[in-house]
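# Structural description and commentary
So you can see what is in the structure, the chains are spelled out below.
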Amino acid sequence: MYVYDLVAIVLIGVSHVLLYIQLIRYNRLSYKMVFSLSIIFTILLGIVVTVTGYPEFNVIMLLIFLLSLGLMKDDLTFMQNVFFALVSMVLITLVKLVTMELGMKLFMLSPYNLYLWTGSIIQLIVSIIIFTSILLFRKSIQRFAQFIIESPLYYISYVLLVIGLIMMLIISMPSSALLSTLNQQYGQVSSNASFILFLLLLLIVLIGSHLTKERMLEEQQKRSDKELLDYVRKLELMHDELASFRHDYINVLLALDEGVRTKNINQIEQIYYDVIAPTSTLINNRELEIVKLSRIAIPEVKSMLSAKVIAAKQQQVKVMIDIPEEIKEIAMPIISFIRVISILVDNAIEEAVDSKEKVLQLAFFEMEKEQYFIVKNSCQHENIDLQKMYEKRYSSKEENEGYGLFSLKRMIDKIETATLETAFKSPYFSQTLILKKRS
């Protein structure tokens, strides 16, 4: 065995684990841990196959190993676990077989001589391509996996993957009596059928990818429509407030007119200090916040934050905003950013409403290499367990199932340029979203 073969085997092992981790959307394992697990498993697998003399253990033990990794994902059902394990095993194996065969045929057509190590080099190149493709398209793989289990393609591909697993066992040069007999009788048929199966699975992947993009666009449009509708509703409420204020202010002016005509200084002073002065402060504060939000040059973000600020003020929350300079772009996808800060701000408003101070502070600024979005709110709790607050079912409210922060953590974990820092110092709770700007 050449060193090229050894490196190729390790890369394929890492590719199986890496693809499976992306499919089940489990982001808690670092790349270092994935590499370590894959290398250890590949070595153990080689020892088992060598000692027992049963090559089919490659397939069986890989399936068991991937299924065991799926146990770390709480919301993954057993059938989904098996499905994603089969996708990782069958798809990578078929891609390797087809590309190896194609590579050898292309090499045979070339003017170069065929050496003993040529097959090893081609296998290494194929392994590098598979591994690199998984790394480059990991976000697309996660989105595709989320879509496929909810579509009719799920059941069709499940059947094809099971067939693919049987083919893998047959063409693996098995030593067991049954599989060896099947290999002798149907080995060539299985090898040829694997190309047809590869094309079918590739077709499903292409269709699924297209439908995934369409679904994402639909969801994006729905979210945009919802944000716009919420914003319009808030504007309507502001208009009603202004109409009510206008009506009340006319009554105040009539009262002042009566005080001026009768020269009743006490009445005039009482109306000024009880009604006019507080109203003037409220108007000035509201105008100041609107001006600060205008420093955000992204309409979707500005309109969403405007709606949130109006909603907070309607619930008697004191809102303070600090945006020192114009924000022209966001250092992460806009849709993801809006989803993240919507959860942060909604949770902050909800907590501030129930607190004694009723304070919400928002800050958005950028440094040379990073952007900071800070949400700080007054809190009714004296203690908060920062370690548990992002767990799936954790919540400080009995009626709340706690999915907001759990979903938030999952979203941020998928974005390499984003981190979330959380702090609590009674009575204030703050969360800081840090975005690394593109160089």
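You'll find the structure just up there.
Just so you know, these numbers come straight off a predicted model, no measurement behind them. (Residues numbered from 1 in each chain as written. Predicted model: local features only at pLDDT ≥ 70, side-chain atom pairs only at ≥ 80, totals over all residues. Heavy atoms only, no water.)

Looking now at the side chain of Ser38. Mapped onto the elements, Ser38 comes out in helix H2 (residues 31-52). On the basis of relative accessibility, which here comes to 1%, the residue Ser38 falls in the buried class. One polar contact links the side chain of Ser38 to the main-chain carbonyl oxygen of Val34, over a distance of 2.7 Å. Among residues more than four places away in sequence, those in contact with Ser38 are Gly13, Val14 and Val17. (Helix = DSSP H or I, 4+ residues; strand = E, 2+ residues; numbered from the N terminus. Buried < 20%, exposed > 50% of the residue type's maximum accessible area, 1.4 Å probe, protein only. Polar contact = N/O pair within 3.5 Å; in protein donor to acceptor, adjacent residues only side chain to side chain. Contact = heavy atoms within 4.5 Å.)

As a further point, take unusual backbone geometry. Here Ser426 and Pro427 are connected by a cis peptide whose omega angle stands at 5°. Note that Pro427 resides in the loop between strand E4 (418-425) and strand E5 (428-436). The backbone phi angle of Arg25 is positive, close to 55°, even though this residue is not glycine. Residue placement: Arg25 occurs in the loop between helix H1 (3-23) and H2. The class for Arg25 is buried, based on a relative accessible area of 13%. Of note, Gln316 is a non-glycine position whose phi angle comes to about 65°, a positive value. The exposure class assigned to Gln316 is exposed, which follows from its relative accessible area of 60%.

So, on to the packing of H1 against helix H6 (residues 138-148). Relative to each other, H1 and H6 sit at 50°, their axes nearing to 8 Å. As summarised for this structure, H1 and H6 are arranged oblique, according to the angle between their axes. The residues of H6 that touch H1, namely those facing Leu19, Gln22 and Leu23, are Arg138, Ile141, Gln142 and Ala145. In terms of residue class, the contact of H1 with H6 is built from four nonpolar, two polar and one charged. (Axes fitted to C-alpha atoms, helices over the stretch in contact; angles between N-to-C directions. Parallel < 35°, antiparallel > 145°, perpendicular 65-115°, else oblique. Nonpolar A, V, L, I, M, F, W, Y, C, P; charged D, E, K, R; others polar.)

Another aspect to go through is the packing of aromatic side chains. Inspection of every chain in the model, using the stated rule, returns 12 aromatic pairs. Aromatic pair Phe41 and Phe65: ring centres 4.2 Å apart, planes at 10°, arrangement stacked. With a gap of 24 residues between them, Phe41 in helix H2 and Phe65 in helix H3 (residues 57-70) connect regions that are remote in the sequence. Phe65 matches Phe41 in its accessibility class, with the two residues each being buried. On the numbers, 5.3 Å between centres and 15° between planes, the contact of Phe365 with Tyr372 is stacked. Aromatic ring contacts, followed pair by pair, group Phe83, Phe84, Tyr154, Tyr155 and Tyr158 into a single cluster. Between Lys376 and the ring centre of Tyr428, over which it is positioned, the NZ or CZ distance is 5.3 Å. (Phe/Tyr/Trp six-rings, centres within 6.5 Å; stacked < 30°, edge-to-face > 60°. Lys NZ or Arg CZ within 6 Å of the ring centre and 35° of its normal.)

Quick look at the pairing of strand E2 (residues 359-366) now. One ladder, built from five bridges, connects strand E1 (residues 318-322) with E2; its direction is parallel. When the bridges of E2 are listed, Val319 appears paired with Leu360. Note on the crossover from E1 through helix H11 (residues 334-354) to E2: the handedness is left-handed. Counting the residues in the hairpin turn of E2 and strand E3 (residues 370-378) gives three residues. (Pairing = 2+ DSSP bridges. Right-handed = clockwise from strand over helix to strand, strands pointing away.)

Taking 1.5 Å as the rise per residue, helix H7 (residues 153-170) with 18 residues should run 26 Å; its terminal C-alpha atoms sit 26 Å apart, in good agreement. Along H7, the positions that sit buried rather than exposed are Leu153, Tyr154, Ser157, Tyr158, Leu160, Leu161, Gly164, Leu165, Met167, Met168, Leu169 and Ile170. (Expected span 1.5 Å × (residues − 1).)

The two faces of the sheet receive side chains in turn, since in a regular strand these alternate between them. Burial within E5 is extensive, with seven of its nine residues counted as buried. Sheet topology note: the E3/E5 ladder contains nine bridges and is antiparallel. By the bridge assignment, Tyr372 is partnered in E5 with Ile434. In this structure, E4 lies alongside E5, joined through eight bridges in antiparallel fashion. What sits directly across from Leu420, in E5, is Leu433. The turn joining E4 and E5, which pair antiparallel and follow one another in sequence, is formed by two residues.

These figures come from the coordinates and say nothing about function on their own.
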